[in-house]
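# Structural overview
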Amino acid sequence: MIEILELQGGASPRGRFDQAAKVLEAGGLIVLPDRRFALSAAETRMLDPSISDDRAKNISLDPATGRVSGTRLDDAGRHVLAGLIGRFAQTADALLAELTPRYAPALQRRRTSFRPGAIADRALSLRKDDRRLHVDAFPANPVQGRRILRVFANVNPEGEPRVWNVGEDPFDAVARRFLGRLVVKEHAATVKEALGLTKGRQSAYDQAMLRLHDAAKLDHGYQADAPRRRLELPADSLWVVYTDSVMHAALSGQHALEQTYLMPVEAMAEEALSPLRILERMTGRALA
Ligand code: SIN
Ligand code: FE
């Protein structure tokens, strides 16, 4: 059973770290149903899918460059977007500092994304379709064993929930189902890095996770039959989840923000629960 820990209200009492980290590491979600991420009037005008350019899936802010990409807006509009997305990044930092303070020094903040489009409107290939159950894996940005922890906010102004399915099977069961005998392509990884197709070296772990992502999405039987739980993530809520180990599918909803963090497995309360260590136990070799 997947655990959904609902935390109401503002300040959290001491000792929640153990509880929050434990829930997350065991494959659960932390939902904060009333921790509203409020938008200014100018920011509210950004809740419009037509501000996207038609190439990128999301509008995002790169923390390294401060650049906003994925929008057709001019400099004035980009300025408003950068403010909105940057403030959400800080909110996510503050939330994790509160919920999982022991993670804080180890968290590596990556892209922050703004998702003004309606989920059901996206027409995509099976592999890109996040309405199908999957774990997250980045084709161009190898994580080399690090965890992917994500903070989401539903900022829908009409009170519409964001509806997800989350898989009930634990990560090791899913990995056994899809990865069976893992073949690592060392040569392919070197070529991809040399051609600039990946930022840094694609480790055996990255290859395995990409395969798991694709195999799950392409498996019609799994998509139809896997045990799952439907979650309605309310408007004006925040939630936190390790999207590299929890099978998830975003079914409907519009207007969300998302902050991605990478974290070395050594910073977990229980490293053995990481996908890296689970896959290493399964294969009997180092993968990152
Ligand atoms: C995903 O990570 O699969 C998409 C989540 C969302 O946009 O709600
Ligand atoms: Fe995902």
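Calculation criteria
- Residues numbered from 1 in each chain as written.
- Chains lettered and ligands numbered in written order.
- Predicted model: local features only at pLDDT ≥ 70, side-chain atom pairs only at ≥ 80, totals over all residues.
- Heavy atoms only, no water.
- Helix = DSSP H or I, 4+ residues; strand = E, 2+ residues; numbered from the N terminus.
- Rg over C-alpha atoms; globule rule 2.2 N^0.38 Å.
- Buried < 20%, exposed > 50% of the residue type's maximum accessible area, 1.4 Å probe, protein only.
- Contact = heavy atoms within 4.5 Å.
- Areas by Shrake-Rupley, 256 points an atom, 1.4 Å probe, with all protein chains shown as cover.
- Lys, Arg positive; Asp, Glu negative; His and termini not counted.
- Charge placed at Lys NZ, Arg CZ, Asp CG, Glu CD.
- Phe/Tyr/Trp six-rings, centres within 6.5 Å; stacked < 30°, edge-to-face > 60°.
- Lys NZ or Arg CZ within 6 Å of the ring centre and 35° of its normal.
- Pairing = 2+ DSSP bridges.
- Axes fitted to C-alpha atoms, helices over the stretch in contact; angles between N-to-C directions.
- Polar contact = N/O pair within 3.5 Å; in protein donor to acceptor, adjacent residues only side chain to side chain.
- Near = heavy atom within 4 Å.

## Focus: the overall build of the protein
What the protein contains, in helices and strands, is eight helices and eleven strands. Taken over the C-alpha trace, the protein has a radius of gyration of 18 Å; the compact-globule value for 288 residues is 19 Å, and the two agree within 12%. For the protein, the spread of C-alpha atoms along the principal axes amounts to about 55 × 45 × 40 Å. Here the protein holds 288 residues, and the buried ones make up 51% of them. Residue pairs at least 24 apart in sequence account for 84% of intrachain contacts in the protein once pairs closer than 6 positions are excluded. Working note: accessible area of the protein is about 13,200 Å², and carbon and sulfur atoms make up 51% of it. Where the 41 positive side-chain charges of the protein centre and where its 37 negative ones centre are 4 Å apart.

## Considering the packing of aromatic side chains
The geometry of an aromatic ring pair comes down to the distance between the two centres and the angle between the two planes. What the rule picks out here adds up to six aromatic pairs. Between Phe-152 and Trp-164, the aromatic rings sit 5.0 Å apart at their centres with planes inclined by 85°, giving edge-to-face as the arrangement. Separated by twelve residues along the polypeptide, Phe-152 in strand 6 (residues 147-154) and Trp-164 in strand 7 (residues 162-167) bring together distant segments of the chain. Each of the two residues, Phe-152 as well as Trp-164, counts as buried. Following the ring pairs from residue to residue traces out a cluster consisting of Phe-152, Trp-164 and Trp-239. The ring of Tyr-242 carries Arg-147 above its face, with NZ or CZ at 3.8 Å from the centroid.

## Things to note about the sheet that holds strand 8 (residues 228-233)
The strand order 8-7-10 describes an open sheet built from three strands, whose pairing is antiparallel. Two strands lie at the open edges of the sheet, namely strand 8 and strand 10 (248-252), each paired on one side alone. Strand-to-strand twist of the sheet, defined as the mean angle between neighbouring strand axes without regard to direction, takes the value 25°. One ladder, built from four bridges, connects strand 7 with strand 10; its direction is antiparallel. Across the sheet, residue Trp-164 finds its bridge partner in strand 10, namely Ala-250.

## Digging into the sheet that holds strand 9 (residues 237-242)
An order of 1-2-9-6-11-5-3-4 is seen for the eight strands of this open sheet, with the pairing classed as mixed. In this open sheet, the two edge strands, each paired with only one partner strand, are strand 1 (4-6) and strand 4 (68-69). As judged from the eight bridges shared by strand 6 and strand 11 (residues 254-263), these two strands associate in the antiparallel manner. In the strand pairing of strand 11, Ile-148 is matched with Leu-262.

## A word on the side chain of Ser-237
Its place among the elements puts Ser-237 in strand 9. There is a polar contact of 2.6 Å between the side chain of Ser-237 and the backbone oxygen of Pro-234.

## Here we look at the site of ligand 1
Ligand 1 sits among Arg-115, Asp-130, His-134, Asp-136, Arg-150, Phe-152, Arg-162, Trp-164, His-248 and Ala-250. Contacts to ligand 1 include Arg-115, whose side-chain N or O atom sits 2.7 Å from an oxygen atom. His-134 places a side-chain nitrogen or oxygen 2.9 Å from an oxygen atom of ligand 1. Across the complex, the protein chains shield 99% of the 260 Å² of accessible surface that ligand 1 would expose by itself. For the shell around ligand 1, the elements supplying multiple residues, two or more each, are strand 6, strand 7 and strand 10.

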